[in-house]
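# Fold and geometry: a report
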Amino acid sequence: MNLLPVLSKAGDSMPKRPENVKTYSYEELRAKAEAFINEHHPVRSIPVPIEEIIELRFELDIIPIPDLLHGSDMYALISRDMKSISIDANIQESRPQTYHYSLAHELSHILIHKEVVDQFEYANIAEWKTVVTGIDEDVYAEFEWQAHALAGLILVPTAQLKAEFGKAAAKIKAAGLTLEQAKATERARFSVEDNLARLFVVPRPVITDRANRDKLWPE
């Protein structure tokens, strides 16, 4: 799981409930994602070239760190000045779905949490691990949910997901199954979502969440 590293040099003085914490509904985050895609990837091809967008349009550095995940239980980390994203080198090299999602997750923190991160100082992972435990759990969970949701909406845009899911549904029906039957078998649902995850280059749970949110499977 990616974590927002809002750190303080003095852990005891870090506010447990930072100021300027905004709440967003899923539909508000969807609107932000659509605006992002319209501005930064108007051709709307898939997969969304998140690495290119980060490096060329936002001019951020992507810095691979050997064993970042092993040493900190963290896939990626935004810098305090928001000019770089550090990421576990192995994930960058060999796990493209997790890599793309991790980049989008950290970029989402930059897009919607800048005013919050600006309240803190941090320089390294050790400080983060010490101080982050002082943040109110509900506030921290909200940060992470917002970044997760926005990342998923950016990497798996609504119209493109609907179109690709429609193609998968047509194949299911051509095989003599209804969507209800496919969903009930679990194996068929897993196959559809796994194929979509490969197409969009995201972890399968991101597709599961997006499909559930957009009510693509029958209830």
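In the block above lies the structure referred to throughout.
Below is a summary of the structure that appears in this document.

## Regarding the packing of helix α5 (residues 96-112) against helix α8 (residues 137-155)
Taken N-terminus to C-terminus, the directions of α5 and α8 make an angle of 120 degrees; their axes are 8 Å apart at the nearest point. For the crossing formed where α5 meets α8, the hand is right-handed. Together, His100, Tyr101, Ala104, His105, Ser108, His109, Leu111 and Ile112 of α5 and Phe143, Glu144, Gln146, Ala147, His148, Leu150, Ala151, Ile154 and Leu155 of α8 make up the contact between the two elements. Looking at side-chain class alone, the contact of α5 with α8 contains 10 nonpolar, six polar and one charged residues.

## As for helix α11 (residues 187-200)
Under the 1.5 Å per step criterion, the end-to-end length of α11 is 20 Å for 14 residues, consistent within 8% with the ideal 20 Å. All of the buried residues in α11 are Arg189, Val192, Glu193, Asp194, Leu196, Ala197 and Phe200. Packed against the buried residues of α11 are α5, α8, α9 (158-174), α10 (179-185) and α12 (204-213). Just downstream of α11 lies Val201, where phi reads positive at about 60 degrees.

## Examining the packing of aromatic side chains
By the definition in use, this model includes two aromatic pairs. Ring geometry for Phe36 versus Phe58: centroids 6.0 Å apart, planes at 15 degrees, classification stacked. In this pair, Phe36 is assigned in helix α1 (residues 26-40) and Phe58 in the loop between α2 (50-57) and β1 (61-65), connecting sequence segments 22 residues apart. A relative accessible area of 6% places Phe36 in the buried class.

## Considerations on the pattern of salt bridges
Applying the stated rule across the entire model yields 10 salt bridges. The closest approach of N and O atoms between Glu27 and Arg30, which form a salt bridge, is 2.9 Å. Highlighted residues: Glu27 and Arg30, both in helix α1, separated by three residues, approximately one helical turn. Taking relative accessible area as the criterion, Glu27 reaches 46% and is therefore assigned partly exposed. The class of Arg30 is buried, set by a relative accessible area of 13%. When salt bridges with common partners are traced through the structure, they connect Glu27, Arg30, Arg210 and Asp214 into a single cluster.

## Examining the sheet that holds strand β3 (residues 84-88)
Remark on secondary structure: sheet strands pair via backbone hydrogen bonds, oriented parallel or antiparallel. Across the sheet, which stays open at both edges, the three strands sit in the order β1-β3-β2 with mixed pairing between neighbours. Strands at the two margins of the open sheet, each flanked by one partner only, are β1 and β2 (76-78). Pairwise comparison of adjacent strand axes, ignoring direction, gives a mean angle of 20 degrees for this sheet. In this structure, β1 lies alongside β3, joined through five bridges in parallel fashion. Following the sheet pairing, Pro64 is matched in β3 by Ile87.

## Thoughts on the side chain of Asp88
Summarising the element assignment, Asp88 is placed in strand β3. For the buried Asp88, which has no salt bridge, the nearest side chain bearing the opposite charge is Arg95, at an N-O separation of 6.4 Å. Here the side chain of Asp88 touches Asn90 through a polar contact of 3.0 Å, landing on its backbone nitrogen. A distance of 3.1 Å separates the side chain of Asp88 from the backbone nitrogen of Ile91, its partner in a polar contact. Those residues within four positions of Asp88 in sequence are excluded, and the remaining contacts are Ile65, Asp67, Leu68, Leu69, His70 and Tyr75.

## With respect to a negative patch on the surface
Negative charge collects at one region of the surface, where Glu51, Glu52, Glu55 and Asp61 lie side by side. For the negative patch, the element with the most residues is α2, which contributes three residues. Mapped onto the elements of the fold, Glu55 is located in helix α2. Given the relative accessible area of 37%, Glu55 is considered partly exposed.

Reading the values: the criteria
Residues numbered from 1 in each chain as written. Predicted model: local features only at pLDDT ≥ 70, side-chain atom pairs only at ≥ 80, totals over all residues. Heavy atoms only, no water. Axes fitted to C-alpha atoms, helices over the stretch in contact; angles between N-to-C directions. Helix = DSSP H or I, 4+ residues; strand = E, 2+ residues; numbered from the N terminus. Left-handed = near helix turned anticlockwise from the far one by under 90°. Contact = heavy atoms within 4.5 Å. Nonpolar A, V, L, I, M, F, W, Y, C, P; charged D, E, K, R; others polar. Expected span 1.5 Å × (residues − 1). Buried < 20%, exposed > 50% of the residue type's maximum accessible area, 1.4 Å probe, protein only. Phe/Tyr/Trp six-rings, centres within 6.5 Å; stacked < 30°, edge-to-face > 60°. Salt bridge = Lys/Arg side-chain N within 4 Å of Asp/Glu carboxyl O. Pairing = 2+ DSSP bridges. Lys, Arg positive; Asp, Glu negative; His and termini not counted. Polar contact = N/O pair within 3.5 Å; in protein donor to acceptor, adjacent residues only side chain to side chain. Patch = residues over 30% accessible without salt bridge, like charges linked within 9 Å, V, L, I, M, F, W, Y side chains within 5 Å. Areas by Shrake-Rupley, 256 points an atom, 1.4 Å probe, with all protein chains shown as cover. Charge placed at Lys NZ, Arg CZ, Asp CG, Glu CD.

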